[in-house]
Each structure stands twice: as C-alpha cells, then as structure tokens.
Amino acid sequence: MSESNRRELIRIAEDLNEVSNDETRQFISRIVGDLSNLKPSIAFVGQIKAGKSRLINGFTGQAEYLPSDVNPWTTVITDMHFGHPSGRTEGAEFHFFDNRQWQALIAEGEELRNMFPDDEDSYKREMIEQQVEAMKTRAKLRLGESYTQLLGQHHDLDHLTSDDLARYVCAGDEPSEDGTLDPGSDRGLYSDITRKAEVYFDIGHFPFPITVTDTPGVNDPLLIREEISRQYLKESDFFVVVLSAHQALSRADLKLFRLMQALELGQIVVFINRVDELGGGADDATKVRADVMDGLEKALGNSDIDVLMGSAQWAHYALTGDETGVNHDDVLAWLRAHPEQMKQYLDGVEEIKQGPGPISREGVLRFAAMIASGLPDLRRHVTRALADGPRNEQMQMAWQHLNSFAQGELDRTKAHLRAIEDQGADGADDPSENDKTLADLRALVQDKTEMIVKDMDDVLANLRGVMDDTVAEAVSDVVRGPNGDSPLLAKGGETELNFGPLRDRMRELVQGATQVVRQRMLSELYAVDMQSNAALRSLPGWQDSGDNRMNTSAVRWFRPDTTALTRGITVELRVTWLSRLISRKSVVNRAERMIVQEFEMIGDDLVDTARENLLGRLNTVLDHYLALLAGHLEHRAGSGETNERTEAQTAFNTAQRIADELGAVYGPGQSEIEIPKAAE
C-alpha cells in the first residue's frame, strides 16, 4: 500500500471515530496512532572508512550534508528524519548523555561482547571505561561550569547550519589543559556529551516517511564509537551493511554479521562500495561480489542476503559536480557491463530530451554517474522491501480492523433505520440494562482471559523443560562424538559441530506446543463468543447483526517465530586458545557446558517470543470484540426524539460512505485482503 493509502486510512479512521462509541473510539485511536507513526528506519552500518557518510549523502540526495572527511564523527548516532509524523521538516535536536546512560553503555557493551567473544575482549571493557572518562574530562574542559547542567538535557534548533552540526557531532580540536580552544573555533564543543542527533527534512524522494541513520562505525580504534554502533543495532528495521571493495568481508565484517544474526534483526542488504577504485572495473567487482556471497553462505548458512555494488564517489559527483577522482570512461564502462543500469540510463536520457530545457553534456554525464553509483537501485531495493514487509502488514491489519468496525456500523444503522420505519419510535431501551450486559460481558472476557493465559503458561513451562532435556542430550552426543571421540580434539583442520538436527527438533517442539496453545485458545474464544451472543439474544427486542461474531483470525494465523534458531554458537571460536590453557578433557567438558547454555538461551528466547506474540494476538482479538459489542449495545437505545428517523438516516448514510471509502482504498475488487489460510 502506498503513502496515499496510509493517509487515506488515517482520514477514514478519524471520520469513523466521530460516529463510534467510547470503547470503539479507543481502539480506533490506537490504529490512528500506529498509522501516524508508521515510519520505518534504515541504519547504515559497517567498518570505518568504508564510505558510509558519503553513501548516505547519495542515498538521501543531501549531497555534502554529512561530512565525509577523515574522522569527522565522535560517538554520535545521527538520525535523519524524512517526512517525520510530527510534520517537522527542518532543524535538529541534540540529546546529551547523563551519568546513568554512560554507565549503561559500558554494561550493555559487556553483554554484547560476551555473545561473540574473542582474544581481544579481555581488555576492551577497561579501554572503553577509560575512553568514557576521557570524554567526560574533555567535555568539562570545553564546557566549564555548564557541563553539569547540560547532562541529560537536549538542545532544539529551529534551523541547522553546517557549523551547528560541527559543534555537536564533529571531533574538533583537543582542548589544552587550561581549557582553552583555538580562537573563534567551537567545533566539537558539545560532541563529547552528545548521545544522539535527530535532524529533520521534508520527505524528499522517498515514497513514505523514513528515518536514515548514520552510525559511527565498527572496527574503530576508538572503541567507544564501535560500542555505540553495535548497541544501536536493535533500534532499526532495515540495515545496509557497507563493505569496502578493497577489503570486503573481513573478520570484523563477519563478526558484525554474526552479531546481527544473533540479535534477530530485521532485513539486511549488503552494499559493496568503492567499486570505482578497483583496477579491473566491473570484472573485479563481480569477483568481489561472488566472494562476499560465498563468504556469507559459509559463515551464516544464509544465502538470502542481497548484495549490491556501486560507488558513493560517483553519486557525490552526480549531486555536486565535483569531478575529483571520477573517470568518465570508467562510469560508461560500468554501465555497458550492467545492462539493466544501461537501460535506466538510456531511458532517463530520453526523458531529459523531452524536457523543456537544453541538454548539457555535464548533465548527461552526472546522470550516468548517478545510475552507475548503484544508489538509485539501493533506494528502490530498500523502500520496496520496507513497503512489502512489516509496513504493508501493519497497514493491512489496520484496514481489516477499520473495515470490521465500518461494516458493523453500517449493519447497525441499517437495522436501526429499518426498525424505525417498520415499528416507529415506540420508546427507548433501558440504558442501564445495556450497561449491565456490557459489564457482564467484560467480566466474562476477563475471567476467560486469565484462564487462557494460565493454560498457555502451563503448556509453555512444560515446553521449557522438554527443550532443556533435549538440548542437554543432543549437545552431549555432538560434542563428545561417537565412541567418545570428540570432534573438538581432532587433529588439524577447523572444528565443525553439526547442530542442525537439534535446531530442527527445537523447531518441532515449539511448533507443536504453540499449536496446542493456539487450538485451546480458539476453543475458549469460541465459547466466549457463544456465551456473549446468548446473553445478547436474551435482551428484549435484540436483533442479530452479521458482524457480532468474534474475529479470531489473529490467533488462527499465528505461527511461532523461530528465527532465534539461526543464531550462531560461538564456542568453536574459543576452542583453540582454551586448549592451550586447560586439559583436553576439560576442553570438552567446558565446551559442552557453554554450548548447552547458549542453546538453552535460544530455547528461552523461542518460548518468550511465542508467549509474547500469542498474548498480543489474544488481546487484539478480545479488544476488538468488546469494542464491537459495545457498539451494538449502544445502538440498541433509541433516542425517543421526533427527528429520530432523520438522525437514523444520516447515521446510515455516513456509515455507508465510510464503508465505501474503505473499500476504495484497495481499489475495485480488492476490498478484501487475501491472507493465506493456516493449516488447522
């Protein structure tokens, strides 16, 4: 669904809110809030000097906005908001560290390092602590007495200049011991206490609101910068991992990929930058791409990550006209080697010819460089993936709920209008009776919810026990090997431990247990539906409506998230140095304990995620159902006014208009969402 669809859904939801009861209004308000704040984020991550900042400039079309000179950044995460839900299109906010956040930075870094330890990690915490203290010392020298007052605060600038940006996020000069700086220079004044920068733009050439994040970089000599980049990974929906064509998929790159896999992050695309610097041009780039894809397959067991190529330098020339380091023959040779990009270029030139102004040689060359840079392809790839992924799913679910409310409102107003025409307004139903019925139904739902959750927790607790036993037995068999010949002690070559069967068994266990929970939930929800409708039919003059049945699709479509099973096991990385310190038998014992612990953590994540998702879907079903019932009961009460028929007709017309508009959001013949049916 497009951005215009999102805006239209928000408008229709607000109209629907005007004619809904209080309970339905609360639910619709949540939908409006979710749609209004639907703003996916893209983080550019990778090693320092891979060209991230210049690449982001090309990706966003902001030319030289992010400085890309040597070592411009400190510890600052920079969020570039395009089309922010607040409506803000300029200026920036700069958020400052406080002592608690600095300490959390150290503690959370320790947790991430423990996931994928290496020989260097033993001293990293100490170095990071020292670097945090150095940041505080520099900030005190730069800011003087205002240092303490600024901690935990933020600065909000209505307008932003490059000098402003430099004050908050660029390194600047080191202050002297007496706290003096170069005369007239305040570059880097706030940089050591700035935790995050948020900069605002209009939507630009993006098809929907989006946030693009520049991270400091990994494999940075200043470890605190790397630490902030790693910890920010959980904050984004999509990741562009930037590799340098000169050293693609180094050890540091692989460690980053493994960490991203372990954290179960969102979608990932790889962009190999600086292909313009390869001596063999497109041929060398093709070989580099093949090596990267092969390396990812071997390291992660995953060949689904797309790998694109290009040059931020070519995009920089296209945006600015700065020809430094650009060879036009190389650009054209690249296009000739890539037919799809050549077609984009030729089609674009034809459009330029149809334009009103004259065609310049420089304009054509810059256009060719932009196509060859790969940035338009990257932008299309990312926005398409976001549009077809979670963003589209969230909008479809919003449409479903809104359509359900709209159809219910239409049925109720139609029934009310028919009753008035057939019988006349003979008086109103007793509002107190409706209130009591609704209160009884809420109590019924509350009791059933508690029972369902207790039953679910019992099943999942049993799953944890079975899974722990399965892990302990399977890991022992793999680590100790047949006949007690552990593969960890094999001579020569790399150690390979095959846990594929264990992962498959864990997947079967969680799927089986959640299937039991799902079926029991559906059975209890059916009982709630039957009891509720029986209570409604007992009311004097009650007329059944087509939409007063519970919509349990959110529970029926549930499938457990098993992505935690893709997480790597890190003990293989530690066997070599462990074996130099302890006995061979101890190597096996310790490796077994470590692997069991890691698989138990994976099992806990599987169960916790399943519980959270099941509970969320259960609450969605019941919240929606109660809102529908509240609407039915509210519309039972007649007004007793002489103009009741006119009001009923107006209400019906409004409901019909809203239902028609919702149907039009998907276009003719698309008013129902097609979602694959789950096997019962």
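Attention here is on the structure that accompanies the text. What you see is a predicted model; the values in this text were computed from it and never measured. (Residues numbered from 1 in each chain as written. Predicted model: local features only at pLDDT ≥ 70, side-chain atom pairs only at ≥ 80, totals over all residues. Heavy atoms only, no water.)

## Quick notes on the overall build of the protein chain
The helix and strand tally for the protein chain stands at 22 helices and nine strands. Put simply, of all contacts in the protein chain between residues at least 6 apart along the chain, 82% involve residues at least 24 apart. (Helix = DSSP H or I, 4+ residues; strand = E, 2+ residues; numbered from the N terminus. Contact = heavy atoms within 4.5 Å.)

## Focus on the pattern of salt bridges
It is possible for side chains bearing opposite charge to pair when their charged atoms get close. For the structure on display, the rule yields 28 salt bridges. Between Glu350 and Lys353 there is a salt bridge; the shortest N-O distance is 3.6 Å. Taken together, the positions of Glu350 and Lys353, both in helix α13 (residues 339–354) and three residues apart, correspond to about one turn of that helix. Among the residues examined, Glu350 registers a relative accessible area of 42% and is labelled partly exposed. Given the relative accessible area of 46%, Lys353 is considered partly exposed. (Salt bridge = Lys/Arg side-chain N within 4 Å of Asp/Glu carboxyl O. Buried < 20%, exposed > 50% of the residue type's maximum accessible area, 1.4 Å probe, protein only.)

## Concerning the pairing of strand β9 (residues 306–309)
Where burial is concerned, the two faces of β9 differ: the one with Val307 and Met309 is buried and the one with Asp306 and Leu308 is not. Summarising the sheet, strand β8 (residues 267–273) and β9 pair through four bridges and their orientation is parallel. Across the sheet, Phe271 pairs through a bridge with Leu308, a residue of β9. (Pairing = 2+ DSSP bridges.)

## Let's talk about the nonpolar core
The biggest cluster of nonpolar side chains holds 93 residues, and the ones touching the most others in it are Phe44, Val240 and Val270. The residues touching Phe44, leaving out its near neighbours within four places in the chain, are Lys52, Leu55, Ile56, Phe59, Val212, Thr213, Thr215, Val240, Val242 and Leu378. Judged by nonpolar contacts, the second largest core, of 52 residues, contains Met456, Phe558, Leu565 and Ile595. (Core = buried A, V, L, I, M, F, W, Y, C linked by side-chain atoms within 4.5 Å.)

## Re the side chain of Arg379
Relative to the elements of secondary structure, Arg379 occurs in helix α15 (residues 375–388). Notably, Arg379 is buried but unbridged: the nearest opposite-charge side chain belongs to Asp377, and the N-O separation is 8.9 Å. Beyond its immediate chain neighbours, meaning those up to four positions away, Arg379 contacts Gly58, Phe59, His205 and Phe206. (Lys, Arg positive; Asp, Glu negative; His and termini not counted.)

## Details of the sheet that holds strand β6 (residues 210–214)
Taken in spatial order, the nine strands make up an open sheet running β4-β3-β5-β2-β6-β1-β7-β8-β9, and their pairing is mixed. Edge positions in the sheet fall to β4 (154–157) and β9, since each of these pairs with one other strand and no more. Adjacent strand axes in the sheet meet at a mean angle of 20°, parallel and antiparallel pairs treated alike. For strand β3 (residues 92–96) and strand β5 (residues 194–201), the ladder comprises five bridges, and the chain directions are antiparallel. Opposite Phe96, over in β5, you have Thr194 as the bridge partner. Of the strands in this sheet, β3, β4 and β5 are in contact with helix α7 (residues 162–169), which crosses β3 at around 15°. (Axes fitted to C-alpha atoms, helices over the stretch in contact; angles between N-to-C directions.)

## Brief notes about the packing of aromatic side chains
Describing an aromatic ring pair means giving the distance of the ring centres and the angle of the ring planes. Taken as a whole, this structure holds twelve aromatic pairs when the rule is applied. Aromatic pair Phe82 and Phe201: ring centres 4.8 Å apart, planes at 15°, arrangement stacked. Taken together, the positions of Phe82 in strand β2 (residues 77–82) and Phe201 in strand β5 put the pair 119 residues apart, joining distant regions of the chain. For Phe82, a relative accessible area of 1% gives the class buried. (Phe/Tyr/Trp six-rings, centres within 6.5 Å; stacked < 30°, edge-to-face > 60°.)

## Considering the environment of Arg507
Its place among the elements puts Arg507 in helix α18 (residues 500–537). Residue classification places Arg507 among the partly exposed positions, given a relative accessible area of 26%. On a C-alpha basis, the gap between Arg507 and Leu606 in space is 8.8 Å, while along the polypeptide they are 99 residues apart. Non-local contacts of Arg507, meaning those with residues more than four positions away in its chain, are made with Thr562 and Leu565.

## Describing the packing of helix α12 (residues 328–337) against helix α14 (residues 361–372)
At their nearest, the axes of α12 and α14 sit 9 Å apart, and the two run at 55° to each other. For the element pair α12 / α14, the angle class is oblique. The two elements α12 and α14 meet at a crossing, and its hand is left-handed. For the pair α12 and α14, the contacting residues are His328, Val331, Trp334 and Leu335 in the first and Leu365, Ala368, Ala369, Ile371 and Ala372 in the second. Split by residue class, the contact of α12 with α14 holds eight nonpolar, one polar and no charged. (Parallel < 35°, antiparallel > 145°, perpendicular 65-115°, else oblique. Left-handed = near helix turned anticlockwise from the far one by under 90°. Nonpolar A, V, L, I, M, F, W, Y, C, P; charged D, E, K, R; others polar.)

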